[in-house]
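Commentary on secondary and tertiary structure
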Amino acid sequence: MTARVNTVAFQGIDVKPVDVQVQIAGGLPAFNIVGLPDKAVAESKERVRAALSSLGLSLPPKRLTVNLAPADLGKEGSHYDLPIALGLLAAMEIIPKEELAEYLVLGELSLDASIRPVAGVLPAAMHAGANDNRLICPEGCGREAAWAGDLDILAPRNLLQLINHIKGTQLLSRPEARLDGEETHKGPDLSEVRGQESAKRALEIAAAGGHNMLMSGPPGSGKSMLAACLPGILPPLSPREALEVSMIHSLAGTLPEGGLLKRRAFRDPHHSASLPALIGGGHRVRPGEISLAHNGVLFLDELPEFNRSTLESLRQPLETGEALVARANAHVTFPARFQLIAAMNPCRCGHLGDSDLECSKAPRCASDYQAKISGPMLDRIDIQVDVPAVRASDLSGPPGESSAAVAERIARVRQIQAERFARYEGCTIRVNAHANGKILEEIAMPDEEAKILLNKTMENAKLSARGYFRLLRLARTIADLEGAARDSIADRIGKAHIAEALSYRRIALD
Ligand SMILES: Nc1ncnc2c1ncn2[C@@H]1O[C@H](COP(=O)(O)OP(=O)(O)O)[C@@H](O)[C@H]1O
Ligand SMILES: [Mg+2]
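Small disclaimer: the values here were computed from a predicted structure and weren't measured.

Thresholds, definitions, all that
- Residues numbered from 1 in each chain as written.
- Chains lettered and ligands numbered in written order.
- Predicted model: local features only at pLDDT ≥ 70, side-chain atom pairs only at ≥ 80, totals over all residues.
- Domains from an automatic or database assignment.
- Contact = placed C-beta atoms within 7 Å.
- Helix = DSSP H or I, 4+ residues; strand = E, 2+ residues; numbered from the N terminus.
- Nonpolar A, V, L, I, M, F, W, Y, C, P; charged D, E, K, R; others polar.
- Near = placed C-beta within 6 Å.
- Pairing = 2+ DSSP bridges.
- Axes fitted to C-alpha atoms, helices over the stretch in contact; angles between N-to-C directions.
- Parallel < 35°, antiparallel > 145°, perpendicular 65-115°, else oblique.
- Left-handed = near helix turned anticlockwise from the far one by under 90°.
- Buried ≥ 20, exposed ≤ 12 C-beta atoms within 10 Å, placed from the backbone.

Further remarks concern the domain arrangement of the protein. Here the protein is described as being made up of domain 1 (2-167) and domain 2 (190-503). Taking the mean C-alpha position of each, domain 1 and domain 2 sit 43 Å from one another. Of the residues lining the interface, 15 residues belong to domain 1; the matching set on domain 2 comes to 20 residues. Taken together, the elements giving at least two residues each to the side of domain 1 that touches domain 2 come down to β1 (2-11), α5 (121-130) and α6 (142-146). Residue classes in the side of domain 1 that touches domain 2 are distributed as 8 nonpolar, 4 polar and 3 charged.

Listed below in structure tokens is the structure:
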């Protein structure tokens, strides 16, 4: 007696169909799972046996074989429990086999036959929808799955509910995709940051155009505080962006129970974070911090304290917007288009340039400390600003502009960019920071005066080609910010825009 149930395996963000085949045959009693199961999948048989026995069902004393096809694809995770249990129930003729054919099933079983939430339900639901399948997932993931579209979804709390539904004795209703009230931003408000006007301006430009930014300054000047203000001024995710990030968070098992993420992610891993934690990978391939920060912000505080090779591994994702994890038998990719915000002290003691406070090793210690960040890495950071110590007069002064007011301006500039890029067919770029090559040259054409300044800079400052384009991108955002304030967007970039962009090129001491 053989039964089949559809489920999936995950390879990065990709969903691969997996066929669970269950056979009950004569012979000595045995229960085997084959098809490259990892430990969690192999242990599945104990959970399935216990769950069935809690319903008063015992497995037949025969030879039970579960094959997870295709046999050469590794199966990881605990979501195979439910498809295996359903396959067994069908093979035991407790539920009709034909009913199962059109479902895609995933869920973990407890010993008491309740169905526990698993990772990856959203991408699995999208896959089911695209293949005209229906979906069976744990109750706790139902609302997440409902975002995948109008496919049929069953989200039972336990195995008994599911059996009753399939037999038609107690029907389950489809879970609803519902957005809970707007999540409020918990970080500080920009008005709480006193002084630091130029750093605030740089932060606004970074937020407006999605540019990477590095802040350098003495301890206690407000670098971490400024970074924490960023989520409060960034626009909410568009529905498409929300779906993209939510898929990644679903695979990592970090999606809130309500379903989609609404705000841009702000990930701030500690400097002791390992390479797999940051880029992704590990025993079970999990998206790393840079993927969890997709469409959002990755904040690296105390940048030089990070392991050097960990930092260098960020270079490729910064360029391609993807995290590539090499596995023994396959390459796995996760989207990782994040905005990098970094902060550092100028030297180990942090007081370089302050004759009262700096240590005796200055300025040599500073060059050692800063050399931990490689040139190619710095070349990928559009904005580099100094955040000097706060003056007493600034601290007692009136509060500055609130996050809400700045957020409004940024939303307008983001809108301008979205409309501009929408003119290019098939263009997935949404912010200036990602514009490159031909599109960048078209959207960021300098006027005559600006051209002269640019050429002079190219000659004097030995700008790399990447540095040149970085300058253009930044100048485009500065021009957009100005245009949004005046309600007339200049097509061409002026000299003032280039000059301001140039001022964010290199932090002091160089
Ligand atoms: N410019 C500032 N305006 C108001 N408070 C500040 C400012 N800079 C620092 N602070 C106060 O000092 C604390 C530490 O600042 P922090 O941002 O962590 O400094 P840094 O990261 O530059 O070392 C903040 O939580 C805040 O209370
Ligand atoms: Mg800090």
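As a further point, take the site of ligand 1. Surrounding ligand 1, one finds 15 residues, the nearest of these being Arg194, Gly222, Lys223, Ser224 and Met225. In terms of residues, the shell around ligand 1 owes the most to one element, helix α9 (residues 223-233), which gives 3 residues.

Spatial strand order, β11-β14-β17-β10-β18: 5 strands in an open sheet with parallel pairing. If you trace the sheet from one side to the other, it starts and ends with β11 (266-267) and β18 (383-386), each paired once. As judged from the 4 bridges shared by strand β10 (residues 213-216) and β18, these two strands associate in the parallel manner. Note that in β18 the partner of Met215 across the bridge is Val385. Relative to strand β17 (residues 339-344), α9 is tilted by about 160°, and along the sheet it contacts β10, β11, β14 (297-300) and β17.

The next thing to look at is the packing of helix α8 (residues 197-209) against α9. For any two helices packed against each other, the geometry is given by the interaxial angle and the distance between the axes. Relative to each other, α8 and α9 sit at 40°, their axes nearing to 11 Å. Regarding the angle of α8 to α9, the classification is oblique. Considering how the two elements wind past one another, α8 and α9 form a crossing that is right-handed. Residues Ala199, Leu203 and Ala207 of α8 pack against Leu226, Leu230 and Ile233 of α9. A breakdown of the residues in the contact of α8 with α9 according to their chemical character gives 6 nonpolar, no polar and no charged.

Another point: the pairing of β1. Counting buried residues in β1 gives 7 out of 10 residues, a clear majority hidden from the surface. For β1 and strand β2 (residues 14-25), the ladder comprises 10 bridges, and the chain directions are antiparallel. From the neighbouring strand, Thr7 faces β2, where its bridge partner is Val18. Hairpin geometry of β1 and β2 is characterised by an intervening segment of 2 residues between the two adjacent antiparallel strands and by a positive phi of about 65° at Gly12.

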